[in-house]
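Below are the chains, spelled out letter by letter.
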Amino acid sequence: MNYSRFLTATSLARRPNPIRTTVEIMSRAPRTLISLAPGSPNPKLFPFKSAAFTVENVATIQLEEEMIERALQYSPSYGIPELLSWLKQLQIKLHNPPTVYYPPSQGQMDLCITSGCQDGLCKAFEMLINPGDTILVNEPLFPGTLYAMKPLGGNIINVPSDEYGIIPEGLKKILSQWKPEDSKDPTKKTPKFLYTVPNGNNPTGNSLTGDRKKEIYELARKYDFLIIEDDPYYFLQFNKPWEPTFLSMDVDGRVIRADTFSKVVSSGLRVGFMTGPKTLIERIVLHTQVSSLHPCTLSQLMILQLLTQWGEEGFLAHVDRTINFYKNQRDLMLAAADKWLCDLAEWHVPKAGMFLWIKVKGISDTKELIEKKAIEREVLLVPGNGFYIDASIPSSFFRASFSLVTPAQMDTAFQRLAQLIKESV
Ligand code: PMP
């Protein structure tokens, strides 16, 4: 893979921050190292002296003297080494990426921790998108990432998708405007990457099948583009066995995968991780070296302590408990929707995640209904148009989240909405 052809001038120009390099060295050095290098404040003067976190079903996590000092101190831009190696083992167990044993220059799998996966994705877009570059996505898509891409000026093209995710035939048709060898000529503007949320797409709840992923990966090889696999709902897949991921099929080192603890451990701790070819992960870290410097040390240590206590098995058991909760919530929301909306709207059964994507019959634009009338009746939802590349085009959809509400609230919300729809059509 020729990675440099994908990089923006900004990303190519990034150089290691020499002070950050010393922090990386310190984090791995023996205690005998006398460090006069980094401008780290003396943690003895930090007012916080200890912390204890009560955790469900396991011993309290105690951060005493040495640990709290570490938690409150600057740390490496990649993430703290112990958490990185824990996560590396997890990725190997879950995805067994072919790239694990490749040489570094040939796409060897690497990992960095980010402040939620949003941070990593935002940096990946800045690393890859020049104005005018062709980018492939499938609408409707998460505004958090869409709105990170849009200002960078790429030509964002929608690839047709359905209940089972991106339709490979649709992708083939879009790609047929180029010849495979065009990727060697920058003026031809062949797609640089495909961005997709393969499980429980936000907002549709749809998931891409393993067979389609294989076809899409082959097209990526043929036309030489990267795949950004944004998978925050991977650990919220309702049906097992889980489909293989793009990372698991990545024989070339062309997949950048975004994971997060947001949905299964905590969203406020802001801990996510990016897995992909070393050359590209390095660029993301160089960006971190000059933006936030590193993801929060305290958050990382909390997660590390938790994972160490749980072990891989305990973590996956927690994931299963979380899935059971959300699956039940989904079923309760589907029951409420069946009860109140069945003649007024339509939807698919979400396969993962926390959203129901509902199309209102007879209303071409839900914006006013959702943003004004529903709020007046104290029901908060998200109108569909914000999930499209061109938000000015009307949408008959809205997104309802089943993560927080009780069955009684779901029932009342959809009853009120049904009344509103009847008044509006
Ligand atoms: N991508 C998608 C598709 C999401 O739904 C979200 C969270 N809503 C994110 C990325 C960002 O997640 P994080 O909290 O890890 O930044």
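This is a predicted model, so every value here is computed, not measured.

S.K.: I keep staring at the sheet that holds strand β14 (residues 382-383) and nothing clicks. Help me out?
M.R.: Paired through their backbone hydrogen bonds, the strands of a sheet run either parallel or antiparallel. Spatial ordering of the open sheet is given by β12-β13-β15-β14, a layout of 4 strands whose pairing is antiparallel. Pairing within the sheet leaves two strands with one partner each, and these edge strands are β12 (345-346) and β14. Of the strand pairs in this sheet, strand β13 (residues 355-360) and strand β15 (residues 397-401) are connected by 5 bridges, and their pairing is antiparallel. Bridge pairing links W357 to R399 in β15. Across the sheet, helix α10 (residues 297-341) is in contact with β12, β13 and β15; its angle to β13 comes to roughly 15°.

S.K.: Sorry if this is basic, but what is going on with the sheet that holds strand β11 (residues 272-277) here?
M.R.: The 7 strands lie next to each other as β3-β11-β10-β9-β8-β4-β5, forming an open sheet whose pairing is mixed. Looking at the sheet topology across the chains shown, the edges are occupied by β3 (109-114) and β5 (155-158). On average, adjacent strands in this sheet sit at an angle of 20° to one another, irrespective of strand direction. Two elements, strand β10 (residues 255-260) and β11, share 4 bridges in a ladder whose sense is antiparallel. Bridge assignment links A258 to a residue of β11, and that residue is M274.

S.K.: Help me understand the environment of K361 in this model?
M.R.: With respect to the helices, strands and loops of the structure, K361 is situated in the loop between β13 and α11 (367-376). On the basis of relative accessibility, which here comes to 37%, the residue K361 falls in the partly exposed class. If sequence neighbours within four positions are ignored, K361 has contacts with C342, D343, L344, A345, E346 and V425.

S.K.: How do you make sense of the pattern of salt bridges when you look at a structure like this?
M.R.: Side chains bearing opposite charge may pair, as long as their charged atoms lie close to each other. Per the counting criterion, the structure on display carries 26 salt bridges. K172 is the salt-bridge partner of E169, the closest N and O atoms lying 3.0 Å from each other. With E169 and K172 both in helix α7 (residues 168-175) and 3 residues apart, the pair spans about one turn of that helix. Residue K339 is joined to D411 by a salt bridge in which the shortest nitrogen-to-oxygen separation is 3.1 Å. Taken as a pair, K339 in helix α10 and D411 in helix α12 (residues 407-424) lie far apart in primary sequence, 72 residues in all. Residue K339 is classed as exposed on the basis of its relative accessible area of 52%. Connected via shared salt-bridge partners are R5, R221, D224, D252 and R254.

S.K.: Got a minute to help me understand the pairing of β3 in this structure?
M.R.: Successive residues of a regular strand alternate their side chains across the two faces of the sheet. Burial analysis of β3 places 6 of its 6 residues in the buried class, which makes it a mostly covered element. With burial as the criterion, each face of β3 is covered, one bearing M109, L111 and I113 and the other bearing D110, C112 and T114. By the bridge criterion, 6 bridges tie β3 to β11 in an arrangement that is antiparallel. Note that in β11 the partner of T114 across the bridge is G272.

S.K.: Hey, could you run me through the packing of aromatic side chains in this one?
M.R.: By convention here, two paired aromatic rings are described through the distance between centres and the angle between planes. All chains considered together, the criterion is met by 14 aromatic pairs. Consider the rings of F261 and F273, whose centres lie 5.6 Å apart with planes at 40°: the pair is tilted. One end of the pair, F261, is in the loop between β10 and β11; the other, F273, is in strand β11, and 12 residues separate them in sequence. One exposure class covers both F261 and F273, and it is buried. Their ring planes at 70° and their centres at 6.1 Å tell us that F261 and F315 sit as a pair that is edge-to-face.

S.K.: Sorry, what's going on with unusual backbone geometry here?
M.R.: Note: most residues except glycine have negative phi, and most peptide bonds are trans. Here E139 and P140 are connected by a cis peptide whose omega angle stands at -10°. Within the secondary structure layout, P140 lies in the loop between β4 (134-137) and α6 (143-149). Cis geometry is found at the peptide bond from K240 to P241, where omega equals 0°. Summarising the element assignment, P241 is placed in the loop between β9 (226-230) and β10. Look at N57: it is not a glycine, yet its phi comes out positive at around 65°. Mapped onto the fold, N57 is located in the loop between β1 (51-53) and β2 (61-63). For N57, a relative accessible area of 68% gives the class exposed. The backbone of N96 sits at a positive phi, close to 40°, despite the residue not being glycine.

S.K.: Explain the site of the ligand here, please?
M.R.: The local shell around the ligand holds 13 residues, among which C117, D230, Y233, T260 and S262 are the closest. Here Q118 contributes a backbone N or O atom positioned 2.9 Å from an oxygen atom of the ligand. At 2.9 Å from an oxygen atom of the ligand is found a side-chain nitrogen or oxygen belonging to N202. Calculation on the ligand without its partners gives an accessible area of 400 Å², and the protein chains cover 91% of this total. Looking at the shell around the ligand, the element that brings in the most residues is helix α5 (residues 116-128), giving 3 residues. Residue composition of the shell around the ligand, by class: 5 nonpolar, 5 polar and 3 charged.

Definitions and limits used
- Residues numbered from 1 in each chain as written.
- Predicted model: local features only at pLDDT ≥ 70, side-chain atom pairs only at ≥ 80, totals over all residues.
- Heavy atoms only, no water.
- Pairing = 2+ DSSP bridges.
- Helix = DSSP H or I, 4+ residues; strand = E, 2+ residues; numbered from the N terminus.
- Contact = heavy atoms within 4.5 Å.
- Axes fitted to C-alpha atoms, helices over the stretch in contact; angles between N-to-C directions.
- Buried < 20%, exposed > 50% of the residue type's maximum accessible area, 1.4 Å probe, protein only.
- Salt bridge = Lys/Arg side-chain N within 4 Å of Asp/Glu carboxyl O.
- Phe/Tyr/Trp six-rings, centres within 6.5 Å; stacked < 30°, edge-to-face > 60°.
- Near = heavy atom within 4 Å.
- Polar contact = N/O pair within 3.5 Å; in protein donor to acceptor, adjacent residues only side chain to side chain.
- Areas by Shrake-Rupley, 256 points an atom, 1.4 Å probe, with all protein chains shown as cover.
- Nonpolar A, V, L, I, M, F, W, Y, C, P; charged D, E, K, R; others polar.

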